Amino acid sequence: MHRFANPARFMRVAERLLPWFLGLGGILLLAGLYQGLIASPADYQQHETVRIMYLHVPAAILAQGFYFGMALGSASFLIWKHPLGDLMARAMAPVGAALCFICLVTGAIWGKPTWGTYWVWDARLTSMLILLFLYFGYMALANAFDDPSRGHKPAALLAVVGVVNIPVIKFSVYFFNTLHQKSTLFAEGGPSMDPDMLLALMLMLGALGFLATAMAIIRLRGEMTVVKLRAARHGLNRHDDATQDVKHEETTR
Amino acid sequence: MTGVFLTILKRDLLLTIRQSTDVALVMAFFVVAAALFPFGVGPGPETLGRIAPGIVWVLALLAVMLSLDRLFQQDWEDGALELITLTPAPLPILVLGKAAAHWIGTGLPLIALAPLLGIMLNLTETAYPILIAGLALGTPSLSLIGAVGAALTLGARRAGLLMALLVLPLYIPVLIFGVTAVDAAVAGFSVRPHFLYLGAILLASLALAPLAAAAAIRNAVE
Amino acid sequence: MSEGDLGSLLGGGRHAAFVWWSYAIGAATLGLLAIQSIFWSRRLKRQLAALEAAQGAPEAQETRR
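Bear in mind the structure is a predicted one, so any value in this text is a computation, not a measurement.

Draft legend 1. Quick look at the overall build of chain B. Tallying secondary structure elements over chain B gives 9 helices and 0 strands in all. When its helices and strands are written in sequence order, chain B yields α-α-α-α-α-α-α-α-α. Looking at chain B as a whole, 53% of its 222 residues qualify as buried. Within chain B, contacts between residues separated by at least 24 positions form 82% of all contacts whose residues are at least 6 apart in sequence. Of the roughly 9,700 Å² of accessible surface on chain B, 72% is carried by carbon and sulfur atoms.

Given below as structure tokens:
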């Protein structure tokens, strides 16, 4: 059942998929940029700024999806104790945080012409901001221990705690928003979205999805090397004589 | 099981009393920080009155957060935590006892001081009972969620700062419902839904936070 | 639709600058992360190779210390 839980085997599959992901992501990105920036019409109310949506919305979807993936990996690490899930979560965190950041910045830039100000405590933007804080917390905790192997379990636990809290945070932020802002400032495309716009959105979602996954695979390669490196250093210590071991212990303390 | 809970509660309370300067410091922070706001936003009673519930709640959050290191840090350093985990009693119950002691040592004094802050910040009279009730319902959740953060950062570098980063985003729902309850009361709306949400958060954290904190403690003492 | 083509976007069809800034920042963020990821993973690989070489030769261990 845990055939793919073997990190080396998983990595072999991932390495084989990497060029495909990069290629597909690149092609979709070109198509999406063409469709989004050139072929699709401007909105009659928002004019050209509607084109920000093709970057903003996919980034938002993927940032949330990546956090969910991180939590799944962390949960599998906590339950079955195989390290792959934890390594995947660690590899995904910076990519998800970058997407979250892109979503926030494009949201703010979009806000200027649409709302007249860069930042509004709109429910969607606010919950993305909190998601970014959760990403930061995870990355900080994962790297906060002098003995790096000690950070795995706390970080995994935090990812799971975070994913349990996200619905609560989202709900409370929306609740807060309905009380403080009586009118929604703008309605997103909704079901009546122009098919050209929908196509651009889907292409960009696919492009960013493949590219972000490719980036996560590259980072996973790094995380695996970290583990091997640590094991190799440990082996080096064991070959040394006992006195040197003690000295090493003292200097690391 | 309640026996173990009461034992650990009594032990931690005794420790809190012996080190009562810790509690006094947190309370002093609460009051001094509140005294900064009139300087920051101007002494106009109307402005202060409007933002007073928010200030009290945010400062309560920060005060609880600053006192979280008391929960496990000392016991972890002197090895007591390791001994506690060796008892046959379920660890989540022990965590619950420690969180309860933390709330009595931090949450209750904060609630007692909240009216003073209300006077300092010109809080509307009708808002007092709701603010106090909201704090009474919300601060136990803060101690419980904080226990998870405190347990996760045991042994980490810069544990205090890290804890702030981990815990504050998770405190946001409590803050929102606590403040909107006061706003609703001042505006003449029903506070029931707000309190129900606060209660739901409390029940959920009562059930889940001890489990998460216990898992983190196990990892820390290994 | 005249607003839809690149000309109007480049020529500053209303608010076009906001669109360019968004995509530029998006590209810069992902690009920087990609570069960092690649170099980070390469550096680790090199370190591992060096360490394994050192482990192969016991006398090299002494000089490392």
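Draft legend 2. Seen up close, the confidence of the model for chain C. All names here are of chain C. With 65% of its residues at a pLDDT of at least 70, chain C reaches an overall mean of 75. Within chain C, the lowest mean pLDDT, 49, falls on helix α3 (residues 58-64), and the highest, 89, falls on helix α2 (residues 16-56). Across residues 59-65 the pLDDT falls below 50, and counting only partners more than four positions away or on other chains, this stretch makes 12 contacts in the model.

Draft legend 3. Representation of the packing of helix α8 (residues 159-187) of chain B against helix α9 (residues 192-221) of chain B in the model. Residues and elements named next belong to chain B. At their nearest, the axes of α8 and α9 sit 9 Å apart, and the two run at 160° to each other. Here α8 is positioned roughly antiparallel relative to α9, judged by the angle of their axes. The two elements α8 and α9 meet at a crossing, and its hand is left-handed. In this structure, α8 uses Pro-173, Val-174, Phe-177, Gly-178, Thr-180, Ala-181 and Ala-184 to contact α9, whose residues at the interface are His-194, Phe-195, Tyr-197, Leu-198 and Ile-201.

Draft legend 4. Summary view of the interface of chain B and chain A. Listed by partner, the interface residues are 27 residues for chain B and 28 residues for chain A. Summed over the shared surface of chain B and chain A, the result is 1 salt bridge. A salt bridge links Asp-146 of chain A to Arg-157 of chain B, with the nearest nitrogen and oxygen atoms 2.7 Å apart. Of all the elements in the fold, those that place two or more residues in the side of chain B that touches chain A are α7 (127-152), α8 and α9 of chain B. Ranked by residues supplied to the side of chain B that touches chain A, first place goes to α8 of chain B with 11 residues.

Draft legend 5. Expanded view of the nonpolar core. If you look at the biggest cluster of nonpolar residues, it comprises 143 residues, and the most contacted ones within it are Met-70 of chain A together with Phe-30, Phe-72 and Ile-217 of chain B. With 16 residues, the top contributor of residues to this core is α8 of chain B. Met-70 of chain A has contacts with Ala-89, Met-92, Ala-93, Tyr-135, Tyr-138 and Ala-159 of chain A, leaving out every residue within four places of it along the chain. Within the second largest apolar cluster, 12 residues are counted, among which are Ala-14, Leu-84, Ala-91 and Ile-218 of chain A.

Draft legend 6. Structural view of the packing of helix α3 (residues 83-115) of chain A against α2 of chain C. Viewed as axis vectors pointing N to C, α3 of chain A and α2 of chain C meet at an angle of 170°, and their least axial separation amounts to 9 Å. One way to sum up the angle between α3 of chain A and α2 of chain C is to call them roughly antiparallel. Judged by the sense of rotation from one axis to the other, the crossing of α3 of chain A with α2 of chain C is right-handed. Only Phe-18, Trp-21, Ser-22, Ile-25, Gly-26, Thr-29, Leu-30 and Leu-33 of chain C of α2 of chain C make contact with α3 of chain A, whose side of the interface consists of Pro-94, Val-95, Ala-98, Leu-99, Phe-101, Ile-102, Val-105, Thr-106, Ile-109, Lys-112 and Pro-113 of chain A.

Draft legend 7. Summary view of the pattern of salt bridges. For the coordinates displayed, the defined rule picks out 7 salt bridges over all chains. With a closest N to O distance of 3.6 Å, Asp-86 of chain A and Arg-90 of chain A form a salt bridge. Of this pair, Asp-86 of chain A and Arg-90 of chain A both sit in helix α3, separated by 4 residues, roughly a single helical turn. The exposure classification of Asp-86 of chain A matches that of Arg-90 of chain A, with both residues buried. Of the charged contacts in the structure, one is a salt bridge between Lys-98 of chain B and Asp-75 of chain B, with a shortest N-O distance of 2.5 Å. In this pair, Lys-98 of chain B is assigned in helix α6 (residues 91-120) and Asp-75 of chain B in helix α4 (residues 69-77), connecting sequence segments 23 residues apart. Using a relative accessible area of 6% as the deciding quantity, one classes Asp-75 of chain B as buried. Beyond isolated ion pairs, a larger network of salt bridges with shared partners links Arg-11, Asp-12, Asp-75 and Lys-98 of chain B.

Draft legend 8. Geometry of helix α4 (residues 123-142) of chain A. Given a rise of 1.5 Å per residue, 20 residues ought to cover 28 Å, and the 29 Å separating the end C-alpha atoms of α4 of chain A matches this to within 8%. Of all 20 residues making up α4 of chain A, 15 are buried, and the element is well covered by its neighbours.

Draft legend 9. Highlighting the packing of aromatic side chains. Overall, the coordinates contain 9 aromatic pairs over all chains when judged by the stated rule. Ring centres of Tyr-67 of chain A and Tyr-135 of chain A lie 5.3 Å apart, and the angle between their planes is 80°; on these two criteria the pair is classed as edge-to-face. Of the two residues, Tyr-67 of chain A is situated in helix α2 (residues 53-80) and Tyr-135 of chain A in helix α4; the sequence distance between them amounts to 68 residues. Cluster of aromatic residues (ring-pair linked, three or more members): Phe-171 and Phe-175 of chain A together with Phe-177 and Tyr-197 of chain B. Positioned above the aromatic ring of Trp-40 of chain C is the side chain of Arg-219 of chain A, whose terminal nitrogen or guanidinium carbon lies 4.6 Å from the ring centre.

Conventions and cut-offs
The residue numbering used here restarts from 1 in each chain and proceeds along that chain's sequence as written. As they are written, the chains are lettered A onward and the ligands numbered 1 onward, keeping that order. Only residues with pLDDT of at least 70 are given local features in this predicted model, and only at 80 or more are side-chain atom pairs given and counted; all residues enter the totals for whole chains, interfaces and linings. By convention in this description, side-chain values take in all heavy atoms of the structure and omit both hydrogens and water. A run of DSSP states H or I qualifies as a helix once it reaches four residues; a run of E qualifies as a strand once it reaches two. Both are numbered from the N-terminal end. Remark: exposure states derive from per-residue accessible area (1.4 Å probe, protein chains only) relative to the maximum for the residue type, with buried under 20%, exposed over 50%, and partly exposed in between. Any two residues whose heavy atoms approach within 4.5 Å are treated as being in contact. For the accessible areas, the method is Shrake-Rupley and the probe is 1.4 Å, while residue cover comes only from the protein chains on display. The quantity called pLDDT is the predictor's confidence in a given residue, expressed from 0 to 100. In this analysis an axis means a line fitted to C-alpha atoms, helices contributing only their contacting stretch, and an angle means the value between N-to-C directions, from 0 to 180 degrees. When an angle is under 35 degrees it counts as roughly parallel; over 145 it counts as roughly antiparallel; between 65 and 115 it counts as roughly perpendicular; any other value is oblique. We call a crossing left-handed when the near helix sits turned anticlockwise from the far one by less than a right angle, and right-handed when that turn is clockwise. Salt-bridge detection follows one rule: a side-chain nitrogen of Lys or Arg within 4 Å of a carboxyl oxygen of Asp or Glu. In plain words, nonpolar cores are sets of buried Ala, Val, Leu, Ile, Met, Phe, Trp, Tyr and Cys residues tied together by side-chain atoms within 4.5 Å. In a helix, the anticipated span is given by 1.5 Å times the number of residues less one. We call Phe, Tyr and Trp rings a pair once their centres come within 6.5 Å, taking the six-membered ring for Trp, and we label the pair stacked below 30 degrees between planes, edge-to-face above 60, and tilted otherwise. By definition here, charges over rings are those cases where NZ of Lys or CZ of Arg is within 6 Å of the ring centre and within 35 degrees of the ring normal.

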